[in-house]
Each structure stands twice: as structure tokens, then as C-alpha cells.
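# Structural overview
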Amino acid sequence: MLNIGICTRERPKMLEALLESLCVSIARAGVDVAIILVENGPPGGAKTVADGFADRLNIAFSNEERLGLVYARNAVVRQFLAGPHDWIALVDDDETVAPDWLATLLKARADFPDTDMFVGPTFRIYDASAPRILREMRQKRYRYGQKIFGSGTNNCFMHRRNFDDGEKLHLFDLAYNLSGGEDYDLFRRIKARGLVCRYIMAARTYEAVPDSRQSLKFQLSKWRHQSHCRGRVYIGLHGEIAGRLLVLFEMTRDIARIIVFSLAGSVVLVFSESRGLALLGLAMRSFAALSGRPLALWKRLGDSYASVQGH
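Being a predicted model, the structure only gives us computed values, none of them experimental.

### Observations regarding the overall build of the chain
The secondary structure content of the chain amounts to ten helices and eleven strands. Here the C-alpha atoms of the chain give a radius of gyration of 19 Å, agreeing with the 19 Å that 2.2 N^0.38 yields for 311 residues. Structurally, the chain occupies a C-alpha span of about 55 × 45 × 40 Å along its principal axes. For the chain, with 311 residues in total, the buried portion stands at 48%.

### Regarding the environment of glutamine 214
Inspection of the secondary structure assignment puts glutamine 214 in the loop between β11 (205-208) and α7 (216-238). On the basis of relative accessible area, glutamine 214 is assigned to the buried category, the value being 7%. C-alpha of glutamine 214 to C-alpha of alanine 130: the two residues are 84 residues apart in sequence and 5.6 Å apart in space. Dropping the residues within four chain positions of it, glutamine 214 is found in contact with Tyr126, Asp127, Ala130, Pro131, Leu134 and Val209. A polar atom in the side chain of glutamine 214 sits 2.8 Å from the backbone oxygen of valine 209.

### Considerations on the packing of helix α1 (residues 12-29) against helix α4 (residues 101-111)
Between α1 and α4, the least distance of the axes is 7 Å, while the angle of their chain directions is 45°. It follows from the interaxial angle that α1 and α4 lie oblique. On α4, the residues that touch Leu22, Ser25, Ile26 and Ala29 of α1 are Trp101, Leu102, Ala103 and Leu106.

### Considering the pairing of strand β1 (residues 2-8)
Across a regular strand the side chains alternate sides, sitting on one face of the sheet and then on the other. With seven of its seven residues buried, β1 lies for the most part within the structure. Alternating residues of β1 divide into Leu2, Ile4, Ile6 and Thr8 and Asn3, Gly5 and Cys7, and every residue in both groups is buried. The pairing of β1 with strand β2 (residues 33-40) spans seven bridges and is parallel. Within the sheet, the bridge partner assigned to isoleucine 6 lies in β2 and is leucine 37. The β-α-β motif built from β1, the intervening α1 and the parallel element β2 has right-handed crossover chirality. Of the pairings in the sheet, the one linking β1 to strand β4 (residues 87-91) comprises three bridges and is parallel in character. Counted as the bridge partner of isoleucine 4 is alanine 89 from β4.

### Some remarks on the side chain of threonine 205
Relative to the assigned elements, threonine 205 resides in strand β11. There is a polar contact of 2.7 Å between the side chain of threonine 205 and the side chain of threonine 122. Those residues within four positions of threonine 205 in sequence are excluded, and the remaining contacts are Val91, Glu95, Thr96, Val97, Trp101, Pro121, Thr122, Phe123, Asn154 and Asn155.

### What about α1?
Here α1 spans 25 Å end to end across 18 residues, near enough to the 26 Å set by a 1.5 Å rise per residue. Among all positions in α1, only Met14, Leu15, Leu18, Leu19, Ser21, Leu22, Cys23, Ser25, Ile26 and Ala29 are buried. After α1 finishes, the residue glycine 30 shows a positive phi value of roughly 70°.

The rules we used
- All residue numbers here refer to positions counted from 1 along the written sequence of the relevant chain.
- Reporting in this predicted model follows two pLDDT cut-offs: at least 70 for local features of residues, and 80 or more for side-chain atom pairs to be given and counted; totals over whole chains, interfaces and linings ignore these cut-offs and use all residues.
- Excluding hydrogens and water, the side-chain figures rest on all heavy atoms present in the structure.
- Working definition: helices are DSSP H or I runs of at least four residues, strands are E runs of at least two. Numbering for both runs from the N terminus.
- Values of the radius of gyration come from C-alpha atoms, whereas the globule rule sets the reference at 2.2 Å times the count of residues to the power 0.38.
- Exposed residues in this analysis have more than 50% of their type's maximum accessible area, buried residues have under 20%, and partly exposed residues fall in between, with area computed by a 1.4 Å probe over protein chains only.
- Throughout, a contact is declared for two residues whenever any of their heavy atoms are within 4.5 Å.
- Residues adjacent in sequence count toward polar contacts only when both atoms are side-chain atoms; beyond that, a polar contact is any pair of N or O atoms within 3.5 Å, and within protein one must be able to donate a hydrogen and the other to accept it.
- For helices, the axis comes from a line fit to the C-alpha atoms of the stretch in contact; other axes are also lines fit to C-alpha atoms, and the angle between any two N-to-C directions lies between 0 and 180 degrees.
- Roughly parallel means an angle under 35 degrees; roughly antiparallel means over 145; roughly perpendicular covers 65 to 115; every other angle is labelled oblique.
- Paired strands, as defined in this entry, are two strands with at least two bridges between them according to DSSP.
- If the strands point away from the viewer and the path from the first strand over the helix to the second runs clockwise, then the crossover is right-handed.
- To estimate the expected span of a helix, subtract one from its residue number and multiply by 1.5 Å.

Any functional reading would require information that these geometric values do not contain.
What follows is the structure in C-alpha cells.
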């Protein structure tokens, strides 16, 4: 038996779609699963949605009134650690999982018994009206079971030793409660402890991108904010001097990526519009990252996660 952890806030329709997909994935995997569902902030319909699945899913529902994603994530982790199971899969409430998602993660666990954490991709589904350059962007591909240092808590499968080494707990840092970046910070700390993370490309989740996120303006702002968060994580983990030097190093890498992807995309575009746009999209993403990293050198993180997008 294992756990699946979900944090949710004011997105009952998205939560319902996720739980429907989990019904299929859990049944196909043929294992017993206990879902830990934590609603953050004032009640927003999650309990009603969960009750609607009482005959199909084993859901332990609770409410974390203190606003912030870190409070909610840590509530999930604490409930998991208080229970008997060794593994928990984490997925976001604005996603759905593939029918073979859980079976794929369980197979990976059997294939790589030395591994502490597995992560998989999230494929974003845009409407036909969204900018084509966003629709053409593709997931970076990895070999089956390739070691990486981590990804995001929107699609991962983690052993309890990631959070509890027997001497102390390793939880999400409240410094990133409303800003984002809490999962990146945790994964950097997990890497520093020498734990093993592997990428499983076939363990797919999907995000149906809401209208409010389908513009280039939103996506560029999101990428810029992510690089700002990562820069602050560097400074938080490595100190003011070493952290700032890491930010500057990442900026030089961004510049190199912009040049390479722009040139490659311009050439490939002549022969394949789809592949060319995908490369130019990477150049655009690198440019947004480059514009966000300097903010980490002087600007504290804001509270962009205080508001909710989705339904």
C-alpha cells in the first residue's frame, strides 16, 4: 500500500478531474492506495468533491487554514510520515494522470530499488487559440531511469527518507510559502544529502492550461518568476556570496542558450516549422529566465501564490 498526496485550493472542478483520472490509474495498477487530500485556506468545495468519490477512493481529507502552499504541502508530508507507508506520490490539483501513471511508477521502483525518488513529465494542453510557439514546445527527453537531481512536486514518487532521515525532518521551507520555489529548494537539499532521483518519461501527467495562462505575456512572466525563485533558493542554500555567484553563472548559461537556440531555430524553421518554433520557444524561455535572475540579486520574493488560477 502507498499514499498519494494532493494539495488543493478553490479548484473543485480541476480536483474532480484529477480524482477521476486517479480512479482509472489506481485500478489499473491493482494496488491499495490511501489518498491524503489537504485543502488550503477557507473551504472551497474540496470536501464535497472528495465525498463524491467515497465509494471509489480511500481519501483522508483535512483542511489547513493557514494560507500558503508550504503549509499545505507540509500537512500532507506530516500525515504521510505519521502513517505506515514508505512511499508517497505527489500530484497537483490542476492536473490529471495517465491511465498507466501509477503502474509505471511502481515498475520503475521495482527496476531501480536503489532509488529514493522518481519524477515524471507534465504535458501542458493548450487550446488551438493559444500562441503556436507555446503549443510547439516539447518536454526534454531522458533515458528510462536517468539520474537527475529533481524536478517538481507536481509529478513525483518519493520514499519517506526524503523527508525523515531518522534524526530530523526535512520539510518544505516556509520562506517560499506564497512565492513558489519550495519544491526546487527541497530537491536541492535532497541532492545535497546524496539521495538518488531518477526520471521516468512514461509516468505522464497532463495540465489542461486554463484561459488565464494561455498568453505569451503570462508564460514569460511565469518563467521570469521561476528563475527569480531559483536565484533566491541559491542564495538561501549557499549564502549571499556563493549564491549570487551561482546566479551570475546561470545568467551566462542563459545567454549561451539564447544564442544557440535562436540560431538553431532560425535554421531549422526553414525545413520544419514545428521543430523550428520549438527551438525558438526554448530561446524565448531562456530570455525570460535571463530577465528574472538579476531580480534574485536584490529583490525579495513576492506573494504570487496568494491568488488562485483555475476552477
